[in-house]
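Working through the structure, step by step
Spelled out from the first residue to the last, the chains are:
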Amino acid sequence: MKLLESIRLGNQTLRNRMAMSAMTRSRADQHGIVGASTVEYYTQRAGAGLIFSEAIRISEGATGSPYTPGIFNGEQITAWKKVTDSVHNNGGRIIAQLWHTGRAGHSVDRNGKLPLAPSAIPIKGMQHFTSEGMKEYEIPQELTVEEIRQIIKDYGQAAKNAMEAGFDGVELHAANGYLPNQFLAESANHRTDEYGGSYANKARFIVEVMEELINTVGGENVGVKISPFHPYGDMVLDHPVETYTCLIQQLNTLDFAYVELMRKSPHFPSPAHYPDVDDMDFFGTMIKHAVIANTGYDRESAEAELIKGTAELVSFGTLFLANPDLPRRFERNARLNEPDRTTMFGGDDLGYIDYPFLEESDK
């Protein structure tokens, strides 16, 4: 199987072409520090060719949801070092996904401060999980240019911290309706300065963050995740094809390792004016970097995607969540554990580190 072949990505040789995608699990403490269970969780899944960490907050101001980890102080860095050491000791590779949630947050988990966003436009049509339960989204505070430039620097510092913590690289989370994604969408960005208006201006924030990451830790250690047709977080683009074509063209001029490309999700249908095309065929072929295909793949469809040749790896979410030994199960075409969706976010070790491994006798 191509899925089980080794591959070179950036400056890393990976044992297979199966990546574990980033999944928020909300198991950090109230200070954003991960513990022993998180060490065990990632170590169990070190058989992946590449692990993407859950999204990690780059600063206190990047906070969106409770019990999510950070990487902006010494205690957080030390805690993550235990994770990366254990993953490496078990032959794995792990990348830190860098996260600023933008307007996808609430003041109850931000020390009373409103979320920050490109424009003062709240998320509509959904509620936010907070430490006090589900709440309506607030009208965010519009970022000044000075604040934007500071956030770009925060990404660079977080990347330094991630490498100090032993990660094998960093990924800019520019998908799923978080801050970088918000700059692209008219449903979140009504700016008229250099960060709004034209396609190039709306792409500027992502490009400048990528430049900061590349300059800070080296392009071979940097990637980005994008979600062109994924509307989660009230992401509605007037012209998604033109917007993402412009973004990809600009990213193509930069020297970094890969783009993780999210496909449309059947759970979040795209707006009616979006084209009915295959994300990988349409956007994947535009990308000059290595492509990691993401969203909704199983053993057969992932293998078929690699055979097509656009993608060089495939990342899996809930399949890795419920099956810590997923590569072995794919190799044997064995049965898969079913994920318990009630324990995905928050809680204790139940539904976190207790999913069974394939027994030697199982086929």
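In this report, the structure presented in the accompanying data block is examined. Quick caveat: nothing in here was measured; it's all calculated off a predicted structure. Sequence order sets the numbering: in each chain, residues are counted from 1 along the sequence as written. Per-residue local features of the predicted model are confined to residues with pLDDT of at least 70, and side-chain atom pairs are confined, for both listing and counting, to 80 or more; whole-chain, interface and lining totals are unaffected and use all residues. Hydrogens and waters are ignored; side-chain quantities use all the structure's heavy atoms.

Some points on the overall build of the protein chain
Heads up, the condition is: The numbering of helices and of strands both runs from the N terminus, where a helix is a DSSP run of H or I of at least 4 residues and a strand a run of E of at least 2. Restricting the calculation to C-alpha atoms gives the radius of gyration, and the globule rule supplies 2.2 Å times the number of residues raised to the power 0.38. Relative accessibility decides the category of a residue: with a 1.4 Å probe and only protein chains considered, values under 20% of the type maximum give buried, values over 50% give exposed, and everything between is partly exposed. Any two residues whose heavy atoms approach within 4.5 Å are treated as being in contact. Residue burial considers only the protein chains on display, and all accessible areas are found by Shrake-Rupley using a 1.4 Å probe. In this charge count, Lys and Arg are treated as positive and Asp and Glu as negative; neither His nor the chain ends contribute. For this purpose, a charge sits on NZ of Lys, CZ of Arg, CG of Asp or CD of Glu.
Counting its regular elements, the protein chain contains 10 helices and 14 strands. Relative to the 2.2 N^0.38 estimate, which gives 21 Å for 363 residues, the radius of gyration of the protein chain is 19 Å and therefore close to what a compact globule would have. Dimensions along the principal axes, computed over C-alpha positions, put the protein chain at roughly 60 × 45 × 40 Å. Counting over 363 residues, the protein chain shows a buried share of 60%. Within the protein chain, contacts between residues at least 6 apart in sequence are counted, and of these 73% link residues at least 24 apart. Accessible surface, the protein chain: about 14100 Å² in total, of which carbon and sulfur atoms supply 49%. With 34 positive and 49 negative side-chain charges, the protein chain shows a separation of 3 Å between the mean positions of the two kinds.

Quick notes on empty space enclosed by the protein
So the rule is basically this: We place a 1 Å grid over just the protein atoms. Points where a 1.4 Å probe fits but has no way out form a cavity, open points with protein on both sides within 12 Å along at least 5 of 7 lines form a pocket, and any residue with an atom within 4 Å of a point lines it. Grid points are joined across faces, edges and corners, and a volume is the space filled by probe spheres set on the points. Each residue is assigned to one class: nonpolar for Ala, Val, Leu, Ile, Met, Phe, Trp, Tyr, Cys and Pro, charged for Asp, Glu, Lys and Arg, and polar for all the others, Gly among them.
Scanning all chains against the criterion turns up one cavity of 30 Å³ or more. Empty space within the largest cavity amounts to approximately 60 Å³. Tallied by class, the residues present in the lining of the largest cavity amount to five nonpolar, four polar and two charged.

Section: the side chain of S65
Turning to its location among the elements, S65 is positioned in the loop between β4 (50–57) and α2 (74–89). By relative accessible area, which is 16% here, S65 ends up buried. Setting aside residues up to four positions removed in sequence, S65 forms contacts with H128 and F129.

Considerations on helix α5 (residues 199–217)
In plain terms, the rule: What a helix should span is 1.5 Å times the count of its residues minus one. Each residue is assigned a bend, namely the angle between axes fitted to the seven residues that terminate at it and the seven residues that start at it.
For α5, with 19 residues, the first-to-last C-alpha span of 28 Å sits near the 27 Å given by 1.5 Å per residue. Of all the bends in α5, the greatest measures close to 40° and is centred on F205. All of the buried residues along α5 are N201, K202, A203, F205, I206, V207, V209, M210, L213, I214 and V217. Packing partners of the buried residues in α5 comprise β5 (94–99), α3 (145–164), β10 (170–174), α4 (179–184), β11 (222–226) and α6 (240–251). Two residues or fewer past α5, G218 is found with a positive phi of approximately 95°.

Structural notes on a negative patch on the surface
Stated precisely, the cut-off is as follows: Note on patches: the residues involved have over 30% relative accessible area and no salt bridge, like charges join within 9 Å, and the nonpolar side chains Val, Leu, Ile, Met, Phe, Trp and Tyr join within 5 Å. Salt bridge, as applied in this entry: a Lys or Arg side-chain nitrogen positioned within 4 Å of an Asp or Glu carboxyl oxygen.
A cluster of acidic residues, E40, D340, D348, D349 and D354, forms a negative patch at the surface. Overall, the relative accessible area of 41% leaves D354 in the partly exposed class.

Notes on the nonpolar core
Note the threshold: The definition of a nonpolar core used throughout is a set of buried Ala, Val, Leu, Ile, Met, Phe, Trp, Tyr and Cys residues joined through side-chain atoms within 4.5 Å.
One finds F205, M210, L213 and F316 to be the most contacted residues of the largest nonpolar core, which totals 90 residues. At nine residues, the largest contribution of residues to this core is made by α5. Not counting residues within four places of it along the chain, the set of residues in contact with F316 comprises L3, M18, A19, M20, S21, Y297, D298, A302, L326 and F330. Ranked by size, the runner-up nonpolar core spans 13 residues in total, among them L50, F52, I95 and A257.

Thoughts on the packing of aromatic side chains
The criterion, for reference: Pairing of aromatic rings covers Phe, Tyr and Trp, the last through its six-membered ring, and needs centres within 6.5 Å; plane angles under 30 degrees mean stacked, over 60 mean edge-to-face, and all others mean tilted. The rule is short: NZ of Lys or CZ of Arg within 6 Å of the ring centre and within 35 degrees of the ring normal puts a charge over the ring.
Evaluation of the coordinates by the stated rule reveals 15 aromatic pairs. With a centroid separation of 5.8 Å and an interplanar angle of 50°, the aromatic rings of F52 and Y258 are classed as tilted. One end of the pair, F52, is in strand β4; the other, Y258, is in strand β12 (residues 258–262), and 206 residues separate them in sequence. You can call F52 buried: its relative accessible area is 0%. On the basis of relative accessible area, Y258 is assigned to the buried category, the value being 2%. Considering the side-chain rings of F282 and F283, the 5.0 Å spacing of their centres and the 85° angle between planes classify their relative orientation as edge-to-face. Using a relative accessible area of 0% as the deciding quantity, one classes F283 as buried. One Lys or Arg, R263, reaches over the ring of Y297 and ends 3.7 Å from the middle of that ring.

A look at the packing of α5 against α6
Convention followed: Axis angles are defined between N-to-C directions and span 0 to 180 degrees, where every axis is a line fitted to C-alpha atoms and, for a helix, only to the segment in contact. Should the near helix be turned counterclockwise from the far one by less than a right angle, the crossing is left-handed, whereas a clockwise turn marks it as right-handed.
At a minimum axis distance of 9 Å, the contact between α5 and α6 shows a crossing angle of 40°. α6 is crossed by α5, and the crossing has right-handed handedness. Residues Y199, A200, K202, A203, I206, V207 and M210 of α5 pack against E242, T243, C246, L247, Q250 and L251 of α6.

A look at the sheet that holds β4
Under the convention used in this document: DSSP bridges decide pairing: two strands pair if at least two such bridges lie between them.
In space, the eight strands of this closed barrel follow the order β3-β4-β5-β10-β11-β12-β13-β14, with parallel pairing throughout. This sheet shows a mean twist of 25° between the axes of neighbouring strands, independent of strand direction. Here strand β3 (residues 18–20) runs beside β4; their pairing, made up of two bridges, is parallel. From the neighbouring strand, A19 faces β4, where its bridge partner is L50.

Here we look at the layout of surface pockets
Reported here for the largest pocket is a volume of approximately 1500 Å³. Contributing to the lining of the largest pocket are 49 residues, with M23, N176, F268, T318 and F345 lying nearest its centre. Counting residues per element, the ones that place at least two in the lining of the largest pocket are β5, β7 (127–130), β14 (313–316) and α9 (318–322). Among the elements that take part in the lining of the largest pocket, α9 stands out by supplying four residues, more than any other. The residue makeup of the lining of the largest pocket, split by class, is 24 nonpolar, 22 polar and three charged.

Quick look at the environment of N11
Its location among the elements puts N11 in the loop between β1 (7–9) and β2 (12–14). Overall, the relative accessible area of 33% leaves N11 in the partly exposed class. Residues N11 and A257, spaced 246 residues apart in sequence, show a C-alpha to C-alpha distance of 8.4 Å. Not counting the four nearest positions on each side in its chain, N11 is found in contact with E220 and N221.

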